[in-house]
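Fold and geometry: a report
Read off the chains here:
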Amino acid sequence: MRILFFCILTLILNSCQNQNPNLNKSGEDELKSLEVEQTLDKDLVNFKDLIYVPIYSDIYIDNNNPEHLLAATLSIRNTSINDTLYISKIDYYNTGGTLVKNYINNTIILNPMATVNYVIEKEDTSGGSGANFIVEVSAKNRNTRPLIQAIMIGQFNNKSFSFSTDGYSISDKTPALKTDKK
């Protein structure tokens with residue numbers, strides 16, 4: 001009977017643990033597990049861009065509940081069927097424009113049609129209502145364009161809601177085509 005009691009107690013306690021949504025199946029941080037210490041040959045980069053992605057970590061509902069916390073997911077999608085996407089920066093800034101966190105130290109290689117997501121949990125208020133990500137991407141093919149979005153999810157009383165924002169280029173650094181001048 002004691003063994004059954006301890007098994008049930010262990011099961012209950014394990015099911016109550018807050019699981020980190022950013023850990024992969026091996027228990028590693030999703031972004032850190034994708035990092036490689038490989039430098040990309042700059043001569044092979046034909047597309048490079050800096051993407052601004054707005055994040056709302058809280059919103060205002062009404063006078064009675066002025067701030068309502070939201071969970072936010074940054075989603076980076078490689079839309080190319082053939083080409084790899086390289087992500088060299090994922091930086092998180094707060095409402096005041098101060099850098100809160102660098103999420104990666106080395107380049108992430110995102111295979112064709114692959115996606116990487118990262119969650120800013122509801123309880124993380126470090127970004128504030130005007131938080132944002134700056135994501136730097138590059139590719140060998142100048143036609144490779146990622147889709148980078150943020151999805152915010154919240155709950156108010158007995159209603160849930162979600163909305164998304166799109167990232168947009170703040171510094172298109174596409175090199176000019178190389179031509180032979182004779």
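Every value quoted in this text rests on a predicted model; they were computed, and no experiment measured them.

What counts, and at which threshold
Residues numbered from 1 in each chain as written. Predicted model: local features only at pLDDT ≥ 70, side-chain atom pairs only at ≥ 80, totals over all residues. Heavy atoms only, no water. Helix = DSSP H or I, 4+ residues; strand = E, 2+ residues; numbered from the N terminus. Buried < 20%, exposed > 50% of the residue type's maximum accessible area, 1.4 Å probe, protein only. Contact = heavy atoms within 4.5 Å. Areas by Shrake-Rupley, 256 points an atom, 1.4 Å probe, with all protein chains shown as cover. Pairing = 2+ DSSP bridges. Axes fitted to C-alpha atoms, helices over the stretch in contact; angles between N-to-C directions. Phe/Tyr/Trp six-rings, centres within 6.5 Å; stacked < 30°, edge-to-face > 60°. Lys, Arg positive; Asp, Glu negative; His and termini not counted. Salt bridge = Lys/Arg side-chain N within 4 Å of Asp/Glu carboxyl O. Polar contact = N/O pair within 3.5 Å; in protein donor to acceptor, adjacent residues only side chain to side chain. Core = buried A, V, L, I, M, F, W, Y, C linked by side-chain atoms within 4.5 Å.

**Structural notes on the overall build of the chain**
The helix and strand tally for the chain stands at two helices and 13 strands. Within the chain, the proportion of its 182 residues that are buried is 31%. Looking at the chain alone, contacts between residues at least 24 apart form 76% of all its contacts between residues at least 6 apart. Summed over all atoms, the accessible surface of the chain reaches about 11,600 Å², with 51% contributed by carbon and sulfur.

**What to know about the sheet that holds strand β5 (residues 71–77)**
Ordered in space as β9-β5-β11-β12, the four strands form an open sheet in which the pairing is antiparallel. Edge positions in the open sheet fall to β9 (115–120) and β12 (159–166), since each of these has one partner strand only. Taking the axes of each pair of neighbouring strands and ignoring which way they run, one obtains an average angle of 20° across the sheet. As paired strands, strand β11 (residues 147–156) and β12 are joined by eight bridges and run antiparallel to one another. Bridging across to β12, M152 finds its partner in F163.

**Section: the packing of aromatic side chains**
The tally for this structure, following the rule as stated, stands at six aromatic pairs. In textbook terms, an aromatic cluster arises when at least three aromatic residues are bridged by ring pairs, as seen for Y92, Y103, Y118 and F133.

**Some remarks on the side chain of D58**
Mapped onto the fold, D58 is located in strand β3 (residues 58–59). Lacking a salt bridge, the buried D58 has K122 as its closest oppositely charged neighbour, with an N-O distance of 13 Å. Reaching out from D58, the side chain makes a polar contact with the backbone nitrogen of S129 at a distance of 3.5 Å. With residues up to four places along the chain from it excluded, the contact list for D58 reads E67, H68, L69, L70, G128 and S129.

**As for the nonpolar core**
A general tendency of soluble globular proteins is for nonpolar side chains to be buried together. By size, the foremost hydrophobic cluster in this structure holds 29 residues, and its most contacted members are I76, I87, I90, F133 and V135. Looking at this core, the elements that each hand over two or more residues are β2 (47–54), β5, β6 (85–93), β8 (107–110), β9, β10 (132–139) and β11. Not counting the four nearest positions on each side in its chain, I87 is found in contact with I76, I104, N106, T107, I108, L110, V116, V135, E136 and V137.

**A closer look at the pairing of β10**
Burial of β10 is extensive: eight of the eight residues sit out of reach of the surface. With burial as the criterion, each face of β10 is covered, one bearing N132, I134, E136 and S138 and the other bearing F133, V135, V137 and A139. Both β2 and β10 contribute to a ladder of eight bridges, which runs antiparallel. By the bridge assignment, F47 is partnered in β10 with A139.

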